[in-house]
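Chain residues, written in single-letter form:
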Amino acid sequence: MISIIRKFIRNDLFQGCPNLIATPLNFFTPVNIIDLNISRWLEAHIDRSASLTTFSKNLVLADVCGDGEYRLVLTDLKLENNEKSRLKIYKGTVLTSDQTLPDIPSSIISFYTSNYDSKIPVIGVACGPDLLIYKNSKPYFKFVVPPLPIEALEHSVWNRLSEDPNIDLQSTLDDLSSIPYKSLSPRSQKLLGLQTPLEIKDFISKYKSSEPKKFAPITCMTTLNRSTQDKQSPACPIIATEAGQIFILDPQTFTPMHEAISCATKAIPCVLQAAGMYDVEFRIVIACREGSICLLRRGWLEGKVLIQATANIVDIVVIPGDHFIMTATTDRMLQCYTKRGNKLWNQKMNTDITCLCLIPLSHLSTSLLGVGLRGGSIQLFQGRHLVDIIVGTETPSAIAFGQLGQEEHVMVIITTGGAINFKILKRTADFNFGDGEMNSNPIQQTKPLPLPKRSKLFLEQSMRERQNAVDMHQLFQKDLIRLRLTAARATVQMQSNQSSIGNEQELVKLSAQVPLISPNLTYKIETKVQEKDALVEDNQDSLQDSKRLLRVFVVRKREAKPIVAATINMPPTDLSFLL
Amino acid sequence: MGLFQKLAFFLGIKRKEVNVLVIGLNNSGKTTVINHFKNDEEKVEKTEIVPTVGFSVEKFQNQNLAFTAFDMSGHGRYRDLWEHYYKDCHGIIFVVDSSDRLRLVVVKDELDLLLQHPDVSNRRIPILFFSNKMDCKEALSSVKIAAALGLDKIMDKPWHISASNALSGEGLQEGVEWLTQQIREYITNKNL
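In this text, all values refer to a predicted model and were calculated from it rather than measured experimentally. (Residues numbered from 1 in each chain as written. Chains lettered and ligands numbered in written order. Predicted model: local features only at pLDDT ≥ 70, side-chain atom pairs only at ≥ 80, totals over all residues. Heavy atoms only, no water.)

**Student:** Got a minute to help me understand the overall build of chain B in this structure?
**Tutor:** On a plain count of helices and strands, chain B comes out with six helices and six strands. When burial is assessed residue by residue, chain B has 50% of its 192 residues classed as buried. Contacts spanning at least 24 positions in sequence make up 74% of the contacts within chain B whose residues lie at least 6 apart. Split by element, the accessible area of chain B, about 9700 Å² in all, is 53% carbon and sulfur. (Helix = DSSP H or I, 4+ residues; strand = E, 2+ residues; numbered from the N terminus. Buried < 20%, exposed > 50% of the residue type's maximum accessible area, 1.4 Å probe, protein only. Contact = heavy atoms within 4.5 Å. Areas by Shrake-Rupley, 256 points an atom, 1.4 Å probe, with all protein chains shown as cover.)

Rendered as structure tokens:
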């Protein structure tokens, strides 16, 4: 029985019950669909010829000049060999700065370095193993992740090459190629790729004086406020590398303050999200390419796996406040997990999810989640409710929301076609949160019902129920009939017992009590006169008698026939007891 | 206007007090515009002008008309306040930052909200637009601003747009003179 109810509830909560969606009280009523069509966004600017190639986590909105005019900073990826990627800064809708980057950038962050100097944040761009820091749009500092250990054999090969000029090249190269290609340093990989002996000789003579080094490129970054939650307070950059290392850097000196690995097993981080403060307590949520989502907290040297997703992770966002982890996967699923990794709900999208974006709305004291979908639309969710749809023609590849220029609520959308689109949230947009709450009570339930855990006992019981359903039903019916029979018998018994001391027509009952056994016996005889089940009168007569047989008559005045007659047999007085 | 009336105005006998509402987005230069019209002893140093919180009330005179200007804050969270002052004002000064191309749509949105408001929509209230910050490099011309805001669609109210530079005071006097004229007409018509 319970198992069936449980199945029903699960269906309702997690798959969305078709019956519920059709009910008029539901959120998806026609009225609300019309509401969704009224745009809450102002179309500020669109440039279809920007030809940008920018992915999620590659654009930030920051006050990079310290004048209160927030600018859009993004990296424009160029994947062709002859073109260099670029770092671009937009003031409003106008491109004001454009500089080349040495390598293909993986991610970009912006943070304040200290409390004391002028309030100008720096820009951090991850290019290969380097974190390039720009201040005032100029290169300022470079942090290189610590090198990885080199294979012992590779080390000895390069030692031999540098010490002995007449070494047998072929055998040395054979030694090198015996090491798995993946674990070689880039220099050795290049050496093995060279064809002619002349090239090889040149290459060796060029590089033999220095030790080979192997670096893991930075895959993703984020920032974590150091000691206060203030917007302009210093924040530590957090970087994750291809080798699974996580570094938390000091915002002033750019030296690692804490080093950890993403997970006990090999997992390559692809998205980092941090909450809290470095000096107090923090949580870093790491989405890995292997599909796991790990958690790293203050003092931990190793992340703990929270969630194992079934499909590849596209993007994750941690909602501030309740720390829910919103996960988008390649199987078109948007999933919501608690901070402990318990799944709350999921929603299947009609098309692929390309990017996610957090939309904090402090004036409405809530945060929305923007979900960029293939085809061009962006759906905005509050919790699990769809509150707005932004319709577009091109698939968004990256979305950012925040202050731009003087305007606080700007959404910047970069599409896969390279267009850049600025939208401004209307001041009057309220997303009908109040109506939503009232109309969608069944779906509003973000907390799951407190279902008991599926214990072994429960599973066995439900299995038995399924196998012996007919027997169990018959047994239950038989027991029920027996119970009814017993009850009926008892009733008949009661009635036959009462007939001697009661008169059903007059509704009078007698009962005798002997409260104390003593030589002067006191009998208490109660006469109950009932009228239609209600007790009307309650007379108590006390009389003293020493006789063993007692006859009691209840008579009406001026009537000879008693209404009730009773004979009470007293128990023999126990003299020994009395003495 | 007859000779006698003119004389009366000149002598300041028939002095009128009017309320004008100064609105526009934050950082468009409303306070700087008002600051220009104030007496020399009340003027604030231009570098010391800070974003207005809520609103401030300033008084100045132009052509014997005593203006009480309600300098509203343009910040998003204070824009709700504007509509409470629509009822009692005789003219509106709408300051637009002509260099802020991104927010021109926001200006249009706010203007539409203003024009649709019941306290404004059925009155012939004059609206003066300042296309401010004309000295900026990326500033749009007042014609372009007028086109972007769709001012040509305002049929039932007198409006005027003048390019201005509130820092130097350029264009401000011209605009306010137009507004003074319009308010005078508005008040005379209303009294008739």
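**Student:** Explain the sheet that holds strand E15 (residues 281-288) of chain A to me, please; I cannot follow it from the model alone.
**Tutor:** Note on sheets: strands pair through backbone hydrogen bonds, and any given pair is parallel or antiparallel. Residue and element names in this part refer to chain A. Spatially, E14-E15-E16-E17 is the arrangement adopted by the four strands of the open sheet, whose pairing is antiparallel. Of all the strands in the sheet, the pair left with one neighbour each is strand E14 (269-277) and strand E17 (304-308). Each strand of the sheet is rotated relative to its neighbour by a mean of 20 degrees, with strand direction disregarded. Of the strand pairs in this sheet, E14 and E15 are connected by eight bridges, and their pairing is antiparallel. Within E15, the residue paired with Gln 273 across the bridge is Val 285. (Pairing = 2+ DSSP bridges. Axes fitted to C-alpha atoms, helices over the stretch in contact; angles between N-to-C directions.)

**Student:** Please explain the pattern of salt bridges as it appears in this structure.
**Tutor:** Where charged atoms from two side chains of opposite charge come close, those side chains can pair. This structure, assessed with the given rule, holds 25 salt bridges over all chains. Residue Asp 67 of chain A pairs with Arg 71 of chain A through a salt bridge whose shortest N-O separation is 3.2 Å. The exposure class of Arg 71 of chain A is buried, given its relative accessible area of 8%. We note a salt bridge from Arg 226 of chain A to Asp 250 of chain A, for which the minimum N-O separation is 3.4 Å. Remark: Asp 250 of chain A occurs in the loop between strand E12 (245-249) and strand E13 (256-261) and Arg 226 of chain A occurs in the loop between strand E10 (218-225) and strand E11 (235-241); sequence separation between them is 24 residues. Judged by relative accessible area, Arg 226 of chain A falls into the partly exposed class, the value being 22%. Residue classification places Asp 250 of chain A among the buried positions, given a relative accessible area of 12%. Counted as one network, the salt bridges with shared partners bring together Arg 427 of chain A together with Arg 79, Asp 80 and Glu 110 of chain B. (Salt bridge = Lys/Arg side-chain N within 4 Å of Asp/Glu carboxyl O.)

**Student:** Sorry, what's going on with the interface of chain A and chain B here?
**Tutor:** When the parts of a complex come together, some accessible area is lost, and that lost area is often taken as the interface size. Facing 15 residues of chain A, the contacting portion of chain B comprises 15 residues. At the surface where chain A touches chain B, the tally comes to four salt bridges. We note a salt bridge from Asp 80 of chain B to Arg 427 of chain A, for which the minimum N-O separation is 2.6 Å. Connecting chain A to chain B are four residue pairs in polar contact (both at pLDDT 80 or more). Looking at the side of chain A that touches chain B, the elements with two or more residues in it are strand E1 (41-47), strand E27 (407-415) and strand E28 (420-425) of chain A. The element contributing the most residues to the side of chain A that touches chain B is E1 of chain A, with three residues. (Polar contact = N/O pair within 3.5 Å; in protein donor to acceptor, adjacent residues only side chain to side chain.)

**Student:** Would you explain the side chain of Glu 110 of chain B in this entry?
**Tutor:** With respect to the helices, strands and loops of the structure, Glu 110 of chain B is situated in helix H3 (residues 104-116). Of note is the side chain of Glu 110 of chain B, whose polar atom sits 2.7 Å from the side chain of Arg 427 of chain A. If we ignore the near neighbours within four places in the chain, the residues touching Glu 110 of chain B are Arg 427 of chain A together with Leu 25, Arg 79, Trp 82 and Phe 94 of chain B.

**Student:** Even after reading the chapter, I still don't get the packing of aromatic side chains, so can you show me in this structure?
**Tutor:** Here a ring pair, both rings aromatic, is described through the centre-centre distance and the interplanar angle of the planes. For the structure on display, the rule yields 11 aromatic pairs over all chains. Both rings, one in Phe 111 of chain A and one in Phe 254 of chain A, keep their centres 6.3 Å apart while their planes meet at 70 degrees; by these two values the pair is edge-to-face. Of this pair, Phe 111 of chain A sits in strand E6 (residues 105-111) while Phe 254 of chain A sits in the loop between E12 and E13; the two residues are 143 residues apart in sequence, bridging distant segments of the chain. Residue classification places Phe 254 of chain A among the buried residues on the basis of a relative accessible area of 4%. Ring geometry for Phe 70 of chain B against Tyr 85 of chain B: centres 5.4 Å apart, planes inclined by 40 degrees, an arrangement best described as tilted. Placement of Phe 70 of chain B in strand E3 (residues 65-72) and of Tyr 85 of chain B in the loop between E3 and strand E4 (91-97) is noted, with a sequence separation of 15 residues between them. Taking relative accessible area as the criterion, Phe 70 of chain B reaches 17% and is therefore assigned buried. Feature note: the residues Phe 111, Phe 141 and Phe 254 of chain A constitute an aromatic cluster, connected by ring pairs. Positioned over the ring face of Trp 158 of chain A is Arg 187 of chain A, at 4.7 Å from the centre of the ring. (Phe/Tyr/Trp six-rings, centres within 6.5 Å; stacked < 30°, edge-to-face > 60°. Lys NZ or Arg CZ within 6 Å of the ring centre and 35° of its normal.)

**Student:** Is there a simple way to explain the pairing of strand E22 (residues 353-361) of chain A in this structure?
**Tutor:** In regular strands, side chains alternate between the two faces of the sheet. Residue and element names in this part refer to chain A. Across the nine residues of E22, seven count as buried, placing the element largely inside the fold. Bridge analysis of E22 against strand E23 (residues 366-373) gives eight bridges, and the strand direction is antiparallel. Paired with Cys 357 across the strands is Gly 370, a residue of E23. What sits between the antiparallel neighbours E22 and E23 is a turn of four residues, in which Ser 365 has the positive phi angle 40 degrees.

**Student:** Help me understand helix H7 (residues 197-207) of chain A in this model?
**Tutor:** In an α-helix, one turn spans 3.6 residues, which is why side chains three or four residues apart end up on the same side. All names here are of chain A. Listed in full, the buried residues belonging to H7 are Ile 200, Phe 203 and Ile 204. Within H7, the buried residues cover an arc of 95 degrees as seen down the axis, which keeps them to one side. H7 presents Leu 198, Lys 201 and Lys 206 as exposed residues on the side facing more than 90 degrees away from its buried surface. Lining the buried residues of H7 we find helix H4 (152-163), helix H5 (169-178) and helix H6 (186-193). (Arc of directions from axis to C-beta.)

**Student:** Would you explain the state of the cysteines in this entry?
**Tutor:** By definition, a disulfide links the sulfur atoms of two cysteines through a covalent bond. Residue and element names in this part refer to chain A. Following the criterion strictly, the structure yields zero disulfides over all chains and no others. Cysteine Cys 357 remains unbridged, with the sulfur of Cys 355 as its closest cysteine sulfur at 7.8 Å. Judged by its relative accessible area of 6%, Cys 357 falls in the buried class. (Disulfide = S-S within 2.5 Å.)

**Student:** Just to check I follow, could you spell out the packing of H4 of chain A against H5 of chain A for this structure?
**Tutor:** Packed helices, taken two at a time, are described by their axes: the angle between them and the distance between them. Residues and elements named next belong to chain A. Contact geometry of H4 with H5 gives a least axis separation of 9 Å together with a crossing angle of 160 degrees. Judged on the interaxial angle alone, H5 and H4 are roughly antiparallel. The two elements H4 and H5 meet at a crossing, and its hand is left-handed. Counting all contacts with H4, which are made through Leu 153, Glu 154, Val 157, Arg 160 and Leu 161, the residues of H5 involved are Leu 169, Thr 172, Asp 175, Leu 176 and Ser 178. A class-by-class count of the residues in the contact of H4 with H5 yields five nonpolar, two polar and three charged. (Parallel < 35°, antiparallel > 145°, perpendicular 65-115°, else oblique. Left-handed = near helix turned anticlockwise from the far one by under 90°. Nonpolar A, V, L, I, M, F, W, Y, C, P; charged D, E, K, R; others polar.)

**Student:** How should I be thinking about H5 of chain A in this particular structure?
**Tutor:** All names here are of chain A. Those residues of H5 lying buried are Thr 172, Leu 173 and Leu 176. Along the axis of H5, the buried positions cluster into a sector of 95 degrees, meaning they face one direction only. The elements touched by buried residues of H5 are H4, H6 and H7.

Honestly, it's all geometry; don't read function into it.
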